[in-house]
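# Structural features, examined
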Amino acid sequence: MTRSQPLTEGTYYILLSLIEPNHGYGIIQRTLELTGGRLELGAGTLYGAINNLLEKGWIALYSEEKESRKKKEYVMTRIGRAALEEELERLEELLGNGRKLLDAKEKQRQTDRFAGTARNEIPGGLPERNGDSEGKGASCIIQV
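Rules and cut-offs
- Residues numbered from 1 in each chain as written.
- Predicted model: local features only at pLDDT ≥ 70, side-chain atom pairs only at ≥ 80, totals over all residues.
- Heavy atoms only, no water.
- Helix = DSSP H or I, 4+ residues; strand = E, 2+ residues; numbered from the N terminus.
- Contact = heavy atoms within 4.5 Å.
- Areas by Shrake-Rupley, 256 points an atom, 1.4 Å probe, with all protein chains shown as cover.
- Polar contact = N/O pair within 3.5 Å; in protein donor to acceptor, adjacent residues only side chain to side chain.
- Axes fitted to C-alpha atoms, helices over the stretch in contact; angles between N-to-C directions.
- Parallel < 35°, antiparallel > 145°, perpendicular 65-115°, else oblique.
- Nonpolar A, V, L, I, M, F, W, Y, C, P; charged D, E, K, R; others polar.
- Buried < 20%, exposed > 50% of the residue type's maximum accessible area, 1.4 Å probe, protein only.
- Core = buried A, V, L, I, M, F, W, Y, C linked by side-chain atoms within 4.5 Å.
- Pairing = 2+ DSSP bridges.

## Section: the overall build of the protein
Looking only at helices and strands, one finds 4 helices and 3 strands in the protein. Element order for the protein, N to C, with α for helix and β for strand: α-β-α-α-β-β-α. Looking at the protein alone, contacts between residues at least 24 apart form 45% of all its contacts between residues at least 6 apart. Total accessible area on the protein is roughly 10,600 Å²; 51% of this is exposed by carbon and sulfur atoms.

This is the structure:
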C-alpha cells in the first residue's frame, strides 16, 4: 500500500484511538491523553476526518445506538492498520535520519573541541608545518 501523502497528526491519533472500538468523545479524550493535552481535536475536525476515513475504508462503524446519534463506535480496519503501520515506518525513518545526522554533528563538535583542547595543552601549540605559522594545521607525511 502506497500513500502519496503523510497522515496528518489528527488522522494519526484518530487511527491510534481506534485500535479498539471507540466513539467520538472517546477519540477526543484518547488523543488528549496520548498527546498530554497538546492536541485537542474539535468536533468538526473529528467528524470530518471520520467521514473521510470511512470513505477510504480505513475505519468502519462498529456499533450504533439508534436512539442516540452520539453513540456510534468506530474501529480501525486492516486497510487502516496498514496505513498506520506505513506512517510509523515513515516516522521512524525521519527520526532515524534526524538522530543520525544530529549525533554525527555532535560527535564532530566533540572531536573538534577535543582537538582544540589538545592543541592548546601543547606548550607553544603544534609545530609549524607547511607554512602554518600559527601551528593550527598539521600535515605530515608518514612513510612506512
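## Quick word on the side chain of Thr 35
Summarising the element assignment, Thr 35 is placed in the loop between helix 2 (24–34) and helix 3 (43–56). Within the structure, Thr 35 has its side chain in polar contact with the backbone oxygen of Thr 31 (distance 2.9 Å).

## Comments concerning the packing of helix 1 (residues 9–17) against helix 2
A pair of packed helices can be characterised by two numbers: the angle between their axes and the separation between those axes. Closest axis-to-axis distance for the helix 1/helix 2 pair is 9 Å, and the angle between their directions is 110°. Considered as vectors, helix 1 and helix 2 are oriented roughly perpendicular to each other. Here helix 1 contributes Tyr 13, Ile 14, Leu 16 and Ser 17 to the contact with helix 2, which in turn contributes Ile 27, Arg 30, Thr 31 and Leu 34. Of the residues belonging to the contact of helix 1 with helix 2, the class tally is 5 nonpolar, 2 polar and 1 charged.

## Re helix 1
Across the 9 residues of helix 1, 7 count as buried, placing the element largely inside the fold. Inspection of helix 1 places Gly 10, Thr 11, Tyr 12, Tyr 13, Ile 14, Leu 15 and Ser 17 among the buried residues, and these make up the whole buried set.

## Re the nonpolar core
Among the nonpolar cores identified, the biggest contains 20 residues, and Ile 14, Leu 15, Leu 18, Ile 27, Leu 41, Leu 46 and Ile 59 are the most heavily contacted of them. Going through the elements one at a time, helix 1, helix 2, helix 3, strand 3 (72–76) and helix 4 (78–121) are the ones with two or more residues in this core. Ignoring any residue separated from it by four or fewer positions in sequence, one finds Ile 14 in contact with Ile 27, Leu 41, Leu 46, Ala 49 and Leu 53.

## Some details on the environment of Leu 15
Turning to its location among the elements, Leu 15 is positioned in helix 1. Once the C-alpha coordinates of Leu 15 and Trp 58 are considered, the two residues, 43 residues apart in sequence, prove to be 8.2 Å apart.

## Notes on the pairing of strand 3
Bridging between strand 1 (residues 22–23) and strand 3 involves 2 bridges; their strand directions are antiparallel. Across the sheet, the residue bridging to His 23 is Glu 73, located in strand 3. The pairing of strand 2 (residues 59–64) with strand 3 spans 5 bridges and is antiparallel. Within strand 3, the residue paired with Ser 63 across the bridge is Glu 73.

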